Amino acid sequence: MIIATNITKQFGKLKALDNVSTSCKEGECIALIGPNGCGKTTLIKSILGMVVPDSGVITFRGKDIKNQWEYRDEIGYMPQIGRYPDNMTIGQVLDMIKNIRNKKTALDEDLIESFLLREILDKRMKTLSGGTRQKVSAALAFLFNPAVLILDEPTAGLDPLASEILKEKIIKEKGKLILITSHILSELDDVVTRIIYMQDGKLLFNKSIEDLKQDTGEVKLAKAIAQVMKI
Ligand SMILES: Nc1ncnc2c1ncn2[C@@H]1O[C@H](COP(=O)(O)OP(=O)(O)OP(=O)(O)O)[C@@H](O)[C@H]1O
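Now for a description of the structure that goes with this document. Because the structure is a prediction, the values reported are computed rather than measured.

The rules we used
Residues numbered from 1 in each chain as written. Predicted model: local features only at pLDDT ≥ 70, side-chain atom pairs only at ≥ 80, totals over all residues. Heavy atoms only, no water. Near = heavy atom within 4 Å. Polar contact = N/O pair within 3.5 Å; in protein donor to acceptor, adjacent residues only side chain to side chain. Nonpolar A, V, L, I, M, F, W, Y, C, P; charged D, E, K, R; others polar. Pairing = 2+ DSSP bridges. Helix = DSSP H or I, 4+ residues; strand = E, 2+ residues; numbered from the N terminus. Axes fitted to C-alpha atoms, helices over the stretch in contact; angles between N-to-C directions. Contact = heavy atoms within 4.5 Å. Phe/Tyr/Trp six-rings, centres within 6.5 Å; stacked < 30°, edge-to-face > 60°. Buried < 20%, exposed > 50% of the residue type's maximum accessible area, 1.4 Å probe, protein only.

## Description of the site of the ligand
Here is step 1 of the chain: Near the ligand there are 13 residues, and of these Asn36, Gly37, Lys40, Thr41 and Thr42 occur at the shortest range.
Here is step 2 of the chain: Between Asn36 and the ligand, the recorded distance is 2.9 Å, taken from a side-chain N or O atom to an oxygen atom.
Here is step 3 of the chain: Contact between the ligand and Thr41: an oxygen atom at 2.7 Å from a side-chain N or O atom of the residue.
Here is step 4 of the chain: Here the shell around the ligand is built from residues that sort into 5 nonpolar, 7 polar and 1 charged.

## Quick look at the sheet that holds strand S8 (residues 177–181)
Here is step 1 of the chain: The strand order across the open sheet formed by 6 strands is S6-S7-S8-S3-S9-S10, and the pairing between neighbours is mixed. Strands at the two margins of the open sheet, each flanked by one partner only, are strand S6 (75–78) and strand S10 (202–208). Across the sheet, the mean angle separating the axes of adjacent strands is 15° when strand polarity is ignored.
Here is step 2 of the chain: When strand S3 (residues 29–33) meets S8, the two strands line up parallel, connected through 4 bridges. Across the sheet, residue Cys29 finds its bridge partner in S8, namely Ile178.
Here is step 3 of the chain: Contacts from helix H4 (residues 130–143) reach S6 and strand S7 (148–152) within the one sheet, and its direction differs from that of S6 by about 170°.

## Observations regarding the sheet that holds strand S4 (residues 55–60)
Here is step 1 of the chain: Strand order in this open sheet of 4 strands is S2-S1-S4-S5, and the pairing throughout is antiparallel. Looking at strand neighbours, the two that pair on one side only are strand S2 (14–24) and strand S5 (63–64), the edges of this open sheet.
Here is step 2 of the chain: One ladder, built from 2 bridges, connects S4 with S5; its direction is antiparallel. Across the sheet, Phe60 pairs through a bridge with Lys63, a residue of S5.
Here is step 3 of the chain: Against the sheet, helix H1 (residues 40–48) contacts strand S1 (2–11), S2 and S4, and its axis sits at roughly 60° relative to S2.

## As for the packing of aromatic side chains
The geometry of an aromatic ring pair is captured by the separation of the ring centres together with the interplanar angle, meaning the angle of the planes.
Here is step 1 of the chain: Tallied over the entire structure, the rule returns 2 aromatic pairs.
Here is step 2 of the chain: Ring centres of Phe60 and Tyr71 lie 5.4 Å apart, and the angle between their planes is 45°; on these two criteria the pair is classed as tilted. Residue Phe60 is found in strand S4, and its partner Tyr71 is found in the loop between S5 and S6; the two are separated by 11 residues along the sequence.
Here is step 3 of the chain: A residue is classified by how much of its surface remains accessible, and Phe60, at 5% relative accessible area, is buried.
Here is step 4 of the chain: The buried category is assigned to Tyr71, whose relative accessible area is 9%.
Here is step 5 of the chain: Seen from their ring centres, Tyr197 and Phe205 are 5.6 Å apart, and the 10° between their planes marks the pair as stacked.

So, in structure tokens, the structure goes:
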């Protein structure tokens, strides 16, 4: 569904992405992990067309995404830090995005309900706590029932109950392509089917969970990855 081939992106002297290649299929839930600054968000933003790679090709359903935008209709994106117009209320933000997307099919308002956002629709974005802002971002990512979900640190800032609600929602979306970055590996245990580990802009390994657990003899994802990193 998404294929990245030899993607390189340099910011000044820093190689944020160094010849990264990978492919992501429908139905996969891929965890993109690695230390701070290893290039995860840059890779995600390259897929979204928010960062233009210096070289390499990214295709979506077989079509080069360069200078394209329609493919983004099929993607729900939850950024690490959602930025919204300060003076707009949650309700106005939701309406604005609905207008921009102008989608005729049914909306998925599960998260609006389960995060109880409907009760605070008239709260202005500038007054929201970090976690509530994250809930708005999550609700927007799922709202248009996209075929692809790209979630950048989705549970950062969410309380345990909200994290669990979001995790349950991700599990419910099985069949879609889900790309998720997280530093909290224990959270990904029941969700993820494949792990991509990045370091210094390079893709260090790319393995299915079964292979990873079999290779290491570990059941817990965090321990399995720790084993691989020691080799
Ligand atoms: N627009 C930019 N201009 C300059 N440098 C950038 C820019 N965006 C990212 N970088 C740098 O590229 C590197 C990769 O950043 P990126 O945000 O992709 O890392 P990350 O793996 O997502 O990190 P984290 O886990 O902290 O979210 C970092 O060193 C970062 O400072």
